Structures are given as structure tokens and as C-alpha cells.
Amino acid sequence: MNLELTRVPRQLPLHHNHTLKVSLHKGKPSPKISIYLAFSVSSSRSTKPQTPHRRREPKEPIFVFSSSSSSSSSVHQCHNYYIKKMTVVIDKHNVLVGTFFAFLFLYILRQNIWKREKIRKRTTLKIQNDSAVSVLRHENGGGFSSADDVIVVGAGVAGAALAYTLGKDGRRVHVIERDMKEPDRIVGELLQPGGYLKLIELGLEDCVEEIDAQRVLGYALFKDGKNTRLSYPLEKFHTDVSGRSFHNGRFIQRMREKAATLPNVRLEQGTVTSLLEEDGTVKGVQYKTKDGQELKAYAPLTIVCDGCFSNLRRSLCNPKVDVPSCFVGLILENCQLPFENHGHVILADPSPILFYPISSTEVRCLVDVPGRKVPSIANGEMANYLKNMVAPQIPSELRNAFISAIDKGNIRTMPNRSMPAEPHPTPGALLMGDAFNMRHPLTGGGMTVALSDIVVLRDLLKPLRDLNDAASLTKYLESFYTLRKPVASTINTLAGALYKVFSASSDDARKEMREACFDYLSLGGNFSAGPVALLSGLNPRPLSLVLHFFAVAVYGVGRLLLPFPSPKRVWIGARLISSASGIIFPIIKAEGVRQMFFPATIPAVYRAPPVD
């Protein structure tokens, strides 16, 4: 604030009434604020011109205020007449009063400016804080776009379902997917009844409509010319509840379309190259758009759902990935399965073969090949392997269609990966789906686990309006890893154990375990309904799984010892129990004994949500 004080020349002729001009300007080149105060100019003498011999010099100097020297000429203007050598004395009282009110006005004005500046800074700081935590900043050439709450990396089954779920709860979601075209995969095609129930809970059940999805009511097992049918225990559920099988790509596209209907969900095609971290907290992602532009996106919570080939999981978990086998995929056209609306499992040598419908005219065949390597497709080794080793073990009703599919040459392969969930709780980030946890796809439980995890996460995030405090949110979300265990650990353990039991082996104990499992499931009643309820996600109780698994082992020992035990049979029975323990206990250990069987002892389960 600048004030300029200008001395008035004594010989200046003044009018009786004059104006005090005060200019206030804050910073250059800000416009000036001018204040004009009228005050009276009086003289102890008459206002008439005095003669020179009676003129008295005023004792007080004569001043006027001016905003600049250049404006003094305008202040020092005369009226219509000119009075030469006139002396005027400005009344001291009027000057003091005028000056007092001028500075009072300036003080009030300055206080108002100071208050407005304080409010502006407070508002700016709030906007910056909101942008850093609960608002997505989209950097593009130095500018920022409007805000989102959550970044979802990947728009597969887990990513698309999560985006819709969070968007429906009012979150602003930015989904970044590498390829928005319809996926073409040979796995992720069978949704168990437990997964369908989760789909209903999330409001996504219509995504299995209009894609020619097929109802699945159970399984049929085939072994050495024998077969048995295992139905899902669906008596207590609505008639619409069952498994569903379909083309994976069609299902994913329907879920993406459903998510895109929400105005607060934005789907963008781009490849996420890295997570953006600051002081150990994930702030967002860096990604490359479809046209090659490098961008950064920021949000308080980043959820990575980029699938089994995730390149981001290493910074968020211990990726102990095991590849026990590979699937070789074929599509059989216009053939009839022996048991309609059922998945078919052939206990072949060396490992199982799966058949299930994926449309009204197509049946998916998955041949499991142990190990990481498969015969070459290019040089014809794969076709010879399928025709000579696999075809003779396939039921006669499907054999011709199987050979025709081989001759068409559309043979696909996919590694079967298994990875227990071992997260690093990281502020600002979470892993979901196959990027986080995988199991052998023999039981088709992957989508059921992913959808169940989304329900758990949705319920945990629902009471939170703001995701601002990353540290508190991460501590609170540690309960997610325990609350997801009943469903996830049951399906994971059963998938790993069944694959080992169903695979052929030269060990007598393992052979007996495989035979005992087939016969145990063939008994019907609870002997079949119990394991199938576990496999389908309808009974997420790990203890029930362990009991049924060892019931199979004891049943196998009983078959060996009756009617008359022999030393060899006793020895095989002991090894059978040992083999069963060697199959299931390592899987349970990897899943976490305490989390599976004693979740109530984990303090994280009882943590309250952070206060907004």
C-alpha cells in the first residue's frame, strides 16, 4: 500500500471547498483504488483578496494527498476566476479529522483484503489436498483433468466387476485396460453357482444373458469305463441359481458395457507401465495410451487387476508362482455331451481332461498336460499327441468330434498357474483377481474367488466417504486378507488337492487314493453333495474340506484292509494317509493355517473403519 503526500505551493490559489485524494494500490500492475474526501478550507481572515501590506504567512504548511505526482496538476486546478498571490490556511482540525477517517477507511479496506486473501489460500489448500488424495489428477502436458477416487488397472472379470461395484456406490472410477477388444481365452469360461450368487449380490447377473451362456447343474466323472454324476446341491436356492458356462470374451464385454453405463466410471485403453510411489505410498500409475502418449493418473487408491501375467504384482506381494501343467484347448462343434448341462471330467493318464458347453453349439475341451512344456503345435507333435495318447481315453460319444477339432487345427495352449495370496500391505494400493491369487483351473473356481473378494472389499469400503488417509486405510484393509479366506482358501485348497489326486501316478498309494476318491464320490448323498458344495463355492468352510479329504483317505484304507488285511496292504494304507497329508498340508500352510481355521484370533478382523 503506497501513499504519496504532495506539498501544495503556497502561492497556489485554492477554492473554498477542496477534495482530498488518496490512492491505494497493492502490487504492480494492480489497478489503483482512489478515495476522495471532501473537506472545507477556511481562513481566519475574510475570503476576499487581501492587500499586500496586510498579508500574513500561514504558520501551518499546506498539503494535499495525491496518487501520483502527475495527478497533482488536476488537484491544483483553479475555479473560473484567478486570484493572484492569495494565501489560504487550512484549518488544522479539519485536516486531522479528514486524515483520521482516510486512514480508518484504508485500515478497514486492508482488513477486508487480508481476510479475502486468507479465505482464498484456505480454499486453494483444500482443493490441493482433495486433489492429492480423494481426487484423481490426470496429468497431460502440465494440466490436470477432473477427479476420480479409484484407479482400476485391468478390465477383465475382476476389474470390470470391481469398477461397476465401486461406481454404483458413488465412487469415481478410472479403469485403464490394455486392450478393449473382446478377449479370446480358453479359461475363465465356467462360473460356479457360488460365483453366480456373488454376481447377483453385485447386481451383475444380467451379464450372463444374451451371450448364449449355458446352465451347468453339476459334474460327471469318468474313469476306466465307469462314470458317476455329481449334482450341485441347489435345493435351497431359487431355480435360476446354477453354474454358467460361456465364451469368456463375451462375458467380459458385457461387464465392461455395464460398468460404462455409470456416469462416474471412465474406461480408457492404455498400458500401465509402473506404479507411482512417494514415501512408500502408491499415488497412482504411469501408463501409455493407445496412441503412444505417456500419461500419469493419480488417485488415493489404486487396485491392480491385470491378470495372471501381471507386471505390477512384484511390488505388492511375494509372487511365488508355480506352473504345474498347461491346458491344451479345443472347441468341439455340434456334438452332444453324455450328461446335458454338466461339466465332464475324465480321469485320464497322465492327467484330467475337461469338457463343458460354452454355447448352444460348442463344447470346450481342455486337455491337461503336466509340466511347463507342451508338444509343438507348429510341427504337428501336438496333433499326434492328442490323437494317439488322448483320443483313446475319451468317451466314444465325443471321440469323433474331438478328432475333427484336431484336424481343423485351431489348437490353443495356456499355462496353468498357481499362486497363494502373500500380500505386502502397501498404502494406496491393493491386488485383486489372478494378479493376487491363483489356483489350478481344474475346478473352475477363479471367477468365484474374484467376485467373492469384490463383495468383501465393497462392504469394507462402503462406510468410508473419503479415502484420504492412506496409512489408516491400509491398516483397516488388512482385515480384507482374513475376511476373504473362507471362500478363497476352500476353493484354492480343493483345486490343488483334487488336481494331484486326479492325476495318474506310478505310486501304489497315490493310485489307491485316486480310486478311493472316485468311489467315495460315487456313493451319493452327502459323500458327493459335500465335496461338490465345497467345489462350487456354496459351502465355504475349510474345516469341512479337510474332513471330507481325510474321509476319502480313510475310505481308501478301509478298502485295502477289508476283508482281510495283508502286510503289503497295511503298508500301502499307511503310505496313503501319508500321501494325503503330503498333498493337503503344504497347500494349507501356503494359505495360512491361522487365517483359514482361526480367523477370530486375528486382530485385524476387528478394526473399525477410519473416521473421515
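Residues numbered from 1 in each chain as written. Predicted model: local features only at pLDDT ≥ 70, side-chain atom pairs only at ≥ 80, totals over all residues. Heavy atoms only, no water.

Observations regarding the packing of helix H8 (residues 446-461) against helix H9 (residues 470-477)
Quick reminder of the rule: Structural elements are reduced to axes, namely lines fitted to C-alpha atoms, with helices fitted over the stretch in contact, and the angle between N-to-C directions of any two is expressed from 0 to 180 degrees. Under the DSSP-based scheme used, a helix requires at least four consecutive residues in state H or I and a strand at least two consecutive residues in state E, with every element numbered from the N terminus. Note on angle classes: values under 35 degrees are labelled roughly parallel, values over 145 roughly antiparallel, values of 65 to 115 roughly perpendicular, and the remainder oblique. In a left-handed crossing the near helix is turned counterclockwise from the far helix by less than a right angle, and in a right-handed crossing that turn is clockwise. By the convention used here, residues are in contact when the closest approach between their heavy atoms is within 4.5 Å. Polar here means any residue outside two lists: the nonpolar Ala, Val, Leu, Ile, Met, Phe, Trp, Tyr, Cys and Pro, and the charged Asp, Glu, Lys and Arg; Gly therefore counts as polar.
Running from amino to carboxyl end, H8 crosses H9 at an angle of 130°, the nearest separation of the two axes being 11 Å. By the criterion of interaxial angle, the relationship of H8 to H9 is oblique. Of the two elements, H8 crosses H9, and the hand of that crossing is right-handed. Each of Leu457, Leu460 and Leu461 in H8 lies in contact with H9, whose residues at this interface are Leu473, Tyr476 and Leu477. Partitioned by chemical class, the residues of the contact of H8 with H9 number six nonpolar, no polar and no charged.

What about empty space enclosed by the protein?
One water molecule sets the probe size; rolling that probe over the atoms shows where empty space is left. Under the convention used in this document: Put plainly, a pocket is an open set of points on a 1 Å grid over the protein atoms alone with protein on both sides within 12 Å along at least five of seven lines, a cavity is a set where a 1.4 Å probe fits but cannot get out, and a lining residue has an atom within 4 Å of a point. Grid points are joined across faces, edges and corners, and a volume is the space filled by probe spheres set on the points.
Tallied over the entire structure, the rule returns nine cavities of 30 Å³ or more. Approximately 340 Å³ is the volume found for the largest cavity. Together, 23 residues line the largest cavity, and Leu494, Leu498, Phe502, Leu521 and Pro531 are the ones closest to its centre. Contributing elements (two or more residues each) for the lining of the largest cavity: strand S11 (218-223), helix H11 (485-502), helix H12 (508-522), helix H13 (526-535) and helix H14 (542-561). Looking at which element gives the most residues to the lining of the largest cavity, the answer is H11, with five residues. Broken down by class, the residue content of the lining of the largest cavity amounts to 21 nonpolar, two polar and no charged.

Section: the sheet that holds strand S20 (residues 353-357)
Here is the rule: We treat two strands as partners when DSSP finds at least two bridges between them.
As summarised here, the arrangement of the seven strands in space is S12-S11-S19-S20-S21-S18-S22, forming an open sheet in which the pairing is mixed. Unpaired on one side and paired on the other, strand S12 (226-231) and strand S22 (412-418) mark the two borders of the sheet. Between one strand axis and the next, the sheet turns by 20° as a mean value, whatever way the strands run. Looking at chain direction, S11 and S12 are connected through six bridges and run antiparallel. Paired with Lys223 across the two strands is Lys226, which belongs to S12. The strands touched by H12 within the sheet are S11 and S12, with S12 carrying the most contacts at an inclination of about 55°.

With respect to the packing of aromatic side chains
Basically, it comes down to this: Working definition: a ring pair exists when centres of Phe, Tyr or Trp rings (six-membered ring for Trp) sit within 6.5 Å. Plane angles under 30 degrees give stacked, over 60 give edge-to-face, the rest tilted. Three labels apply to residues, based on accessible area from a 1.4 Å probe with only protein chains included: buried if under 20% of the type maximum, exposed if over 50%, partly exposed otherwise in between.
Summed over the entire model, instances satisfying the criterion amount to ten aromatic pairs. Centroid distance Phe436 to Tyr481: 5.9 Å. Interplanar angle 55°. Geometry classified as tilted. With Phe436 in the loop between strand S23 (429-431) and H8 and Tyr481 in helix H10 (residues 480-483), the pair connects residues that are 45 residues apart, well separated along the chain. Pair check on accessibility: Phe436 and Tyr481 agree, each one buried. Taken together, a centroid distance of 5.7 Å and an interplanar angle of 40° make the contact between Phe550 and Phe585 tilted.

A short note on unusual backbone geometry
For the peptide bond that leads from Asp349 to Pro350, omega is 15°, which places it in the cis range. Position of Pro350 relative to the elements: it lies in the loop between strand S19 (343-346) and S20. Leu562 connects to Pro563 through a cis peptide bond whose omega is 0°. Secondary-structure assignment places Pro563 in the loop between H14 and helix H15 (567-591). Positioned with a positive phi, Asp212 is a non-glycine residue whose angle comes to about 60°. Residue Asp212 is classed as partly exposed on the basis of its relative accessible area, which comes to 32%. Of note, Asp224 is a non-glycine position whose phi angle comes to about 50°, a positive value. By secondary structure assignment, the location of Asp224 is in the loop between S11 and S12.

Looking at the pattern of salt bridges
Note the following rule: Each reported salt bridge corresponds to a side-chain nitrogen of Lys or Arg within 4 Å of a carboxyl oxygen of Asp or Glu.
Per the counting criterion, the structure on display carries 25 salt bridges. Its salt-bridge partner being Glu512, residue Arg559 comes within 3.4 Å of it at the nearest N-O pair. Here the residue Arg559 occupies a position in helix H14, and Glu512 occupies one in helix H12, the gap between them amounting to 47 residues. According to the relative accessible area criterion, Arg559 is partly exposed, its value standing at 29%. Three or more residues joined by partner-sharing salt bridges are found here, namely Lys198, Glu201, Arg458 and Asp459.

A short note on the nonpolar core
As a reminder of what qualifies: Only buried residues count toward a nonpolar core, which is a set of Ala, Val, Leu, Ile, Met, Phe, Trp, Tyr and Cys residues joined through side-chain atoms within 4.5 Å.
Counting residues in hydrophobic clusters, the biggest one holds 69 residues, and the most contacted among them are Leu199, Phe251, Met255, Val285, Ile303, Leu457 and Leu461. Broken down by element, the residue count for this core peaks at nine residues, all from H8. Among residues more than four places away in sequence, those in contact with Ile303 are Val150, Ile151, Val152, Val153, Leu162, Leu166, Leu430, Met432 and Leu457.

With respect to the confidence of the model for the protein chain
We count it as follows: pLDDT measures how confident the predictor is about each residue, on a scale from 0 to 100.
When pLDDT is averaged along the protein chain, the result is 83, and 76% of the positions lie at 70 or above. Here residues 1-92 is modelled with pLDDT under 50, and outside its nearest four sequence neighbours on either side it reaches 124 contacts, counting other chains as well.

Quick notes on the sheet that holds strand S13 (residues 243-245)
Spatially, S9-S13-S10 is the arrangement adopted by the three strands of the open sheet, whose pairing is antiparallel. Edge positions in the sheet fall to strand S9 (190-191) and strand S10 (214-216), since each has one partner strand and no second. Summarising the sheet, S9 and S13 pair through two bridges and their orientation is antiparallel. What sits directly across from Leu190, in S13, is Ser245.

Brief notes about the packing of H11 against H14
Put simply, H11 and H14 touch, their axes get as near as 9 Å, and they point 20° apart. Classed by the angle they form, the pair H11 and H14 counts as roughly parallel. The crossing of H11 and H14 is right-handed. Between H11, through Pro486, Ser489, Thr490, Thr493, Leu494, Ala497 and Val501, and H14, the contact on the second element is made entirely by Pro542, Leu545 and Phe549. Here the contact of H11 with H14 is composed, by residue class, of seven nonpolar, three polar and no charged.

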